[in-house]
Each structure stands twice: as structure tokens, then as C-alpha cells.
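Fold and geometry: a report
In case you want the letters, here they are:
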Amino acid sequence: MIEVRDLHDWPTTEAEAVAIQERLRPLVRTDGEPAEVRTAAGLDVDYRESADELVAAVTVLDVATASVVDSAVVRGRTDFPYVPGLFAFREAPALIRALQELAVVPDVLVCDGQGLAHPRRFGLACHLGVLTDLPAIGVGKTPMSHYDPPGEKRGDWTPLDMDGDEVGRALRTRTGVKPVFVSIGHRYALQPACDLVLRLTPNYRLPETTRTADRLGRQST
């Protein structure tokens, strides 16, 4: 079972949430990678008719075969308001409950969102990585920082720049298709993170981890 560190209570105000991000940010490790990545978890949240009703879905894939070896779904509500840069406080509680239902502990968490490529350098991938102390990366569909378009070929990339710092990469996973935005979450260096994303995107723009979690969440009623 995945253990979750009790590092904070879940806040009810924006100011409390920002303070938690600032306090936990120094705990993020930006080096290393698993010795071998055999399983990768995809995490995704689907919102229902009400913006406060959500379904958190987690799928664990065998990286070699892209087959789903474990999964979990948690339905719930969020009381935290919709505030840019604070999405983790809406989504992480349900995602953590889903992670704790897994029988397979994945080698890495692949989050549908940001890691260091975040205004306070502490996006969802950092938050979940620090709380679980599992290697984690963020793969966003849209950027939160400046970038120049990468080359058109699969594997081309350019840095994501925020205040003069490289906080991630715009990575082309399909030739001629718009890039995804990769950033470190926890215990995973940037180059190995990009290498993993390319392994997880043999046929489509988005990683199979994200695709299977998204499909599971949308199919769950």
C-alpha cells in the first residue's frame, strides 16, 4: 500500500494553500530516477455536472506492454475553490485516496498537470510526489510558462522558461503535433523524465498513462 506522509491539513482558504506550497517546496528533489521503471501510474480527474463533483482515476501500466495492471476510482466532492495555481488542493485529496486503494505500488507517478513548471514551483506532480515520496513527473497539456516552439520531429524539445529558470520542457511526442509540457515532480531528473514520456507515447500525443486514466474516469458513473 502507498504510504502518505502527514505533512499538512487540507486548507480551506487560498492563503492557507499558498503557505503550504511555500513550506513544502524545499522538500522537492530534482535529481535521480528509479533504477528501472517497470510500472507507471497515470492520474486524472474528471469533473461531473457540478464543478465540485469529481472522479479521481488512477491506472497503473506495465510500461513494456502498455497494459493496465491495476486501477482505482474515487468519487467525491471538493470544497476548495477554483483558483489558478492551486488545483492540487481540489484534486489531490481524491487522487491520494485512489492511490491508497492500489495493490501495485508504481515506480513513478505521471500526473496530468504541472510539477516545477508552476508559479510557485510546486504543482500537482510536486505535491503528490512529496506526500507519497514516490518519483513523480508532470505532463501538462498547456504551459504555465514561456517557451519557443520545438522542432517538428518527435523527440524535439525546447526549455520552459520562468523568471530565467528552466522549469521543464516543451516536448514533441508526435511529429507535426503540438507538444506536451514535461516538468519534474519529485525524485526524477528532467532528461530521464522526458525519456520516459517518449516511452509512454508510442502512438499518441499524450502518455498512455494519462489516456487510460482519463478513459477510466469518464467511464465511471
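Here the structure is a predicted model, which is why all the values come from computation and not from measurement.

Looking only at helices and strands, the chain features five helices and eight strands. For 221 residues, the compact-globule estimate of 2.2 N^0.38 gives 17 Å, and the C-alpha radius of gyration of the chain, at 16 Å, lies within 12% of that figure. In terms of principal-axis extent, the alpha carbons of the chain reach across some 45 × 40 × 35 Å. The buried share of the chain, reckoned over its 221 residues, is 54%. Of all intrachain contacts in the chain linking residues separated by at least 6 positions in sequence, the fraction that spans at least 24 positions is 63%. Accessible surface, the chain: about 9900 Å² in total, of which carbon and sulfur atoms supply 48%. Of the charged side chains in the chain, 25 are positive and 32 negative; the average position of the first set lies 4 Å away from that of the second.

Our focus in this paragraph is the sheet that holds strand β1 (residues 39-47). Reading across from one edge, β3-β2-β1-β4-β5-β8-β7-β6 is the order of the eight strands in this open sheet, with mixed pairing throughout. Sheet topology places β3 (67-77) and β6 (157-162) at the edges, where each strand pairs with a single neighbour. Strand-to-strand, the axes of this sheet are offset by a mean angle of 25 degrees, without reference to chain direction. Where β6 and strand β7 (residues 165-171) come together, six bridges link them in antiparallel fashion. Counterpart to P159 in the pairing with β7 is R169. Strand contacts of helix α2 (residues 88-100): β1, β2 (53-62), β3 and β4 (108-111), with the helix running at about 45 degrees to β2, the strand carrying the most contacts.

Following the criterion strictly, the structure yields twelve salt bridges and no others. Residue D165 is joined to R121 by a salt bridge in which the shortest nitrogen-to-oxygen separation is 3.3 Å. Of this pair, D165 sits in strand β7 while R121 sits in the loop between β4 and α3 (124-132), placing them 44 residues apart in sequence. A salt bridge links R211 to E208; the shortest N-O distance between them is 3.1 Å. Residue R211 and its partner E208 are located together in helix α5 (residues 208-219), separated by three residues, close to a single helical turn.

Here we take up unusual backbone geometry. Peptide bonds are mostly trans, and most non-glycine residues show a negative phi. Positive phi, normally seen in glycine, also occurs at R121, with a value near 55 degrees. Despite not being glycine, D133 shows a phi value in the positive range, around 60 degrees.

In terms of burial, α3 is largely enclosed, as nine of its nine residues are buried. Of the residues making up α3, those classed as buried are L124, A125, C126, H127, L128, G129, V130, L131 and T132. On its buried side, α3 packs onto α1 (14-24), β1, α2, β4, β5 (136-140) and β8 (180-186). D133 occupies a position one or two residues after α3 and carries a positive phi of about 60 degrees.

Attention now goes to the UniProt feature "site: Interaction with target DNA" (unreviewed entry) in the chain. Under the feature "site: Interaction with target DNA" (unreviewed entry), the UniProt entry names Y82. Here Y82 shows up in the loop between β3 and α2. By relative accessible area, which is 60% here, Y82 ends up exposed. Once residues within four sequence positions are removed from consideration, Y82 is found in contact with F87 and R90.

Cut-offs and rules
- Residues numbered from 1 in each chain as written.
- Predicted model: local features only at pLDDT ≥ 70, side-chain atom pairs only at ≥ 80, totals over all residues.
- Heavy atoms only, no water.
- Helix = DSSP H or I, 4+ residues; strand = E, 2+ residues; numbered from the N terminus.
- Rg over C-alpha atoms; globule rule 2.2 N^0.38 Å.
- Buried < 20%, exposed > 50% of the residue type's maximum accessible area, 1.4 Å probe, protein only.
- Contact = heavy atoms within 4.5 Å.
- Areas by Shrake-Rupley, 256 points an atom, 1.4 Å probe, with all protein chains shown as cover.
- Lys, Arg positive; Asp, Glu negative; His and termini not counted.
- Charge placed at Lys NZ, Arg CZ, Asp CG, Glu CD.
- Pairing = 2+ DSSP bridges.
- Axes fitted to C-alpha atoms, helices over the stretch in contact; angles between N-to-C directions.
- Salt bridge = Lys/Arg side-chain N within 4 Å of Asp/Glu carboxyl O.
- UniProt positions renumbered as here; feature names shortened; annotations may be inferred.

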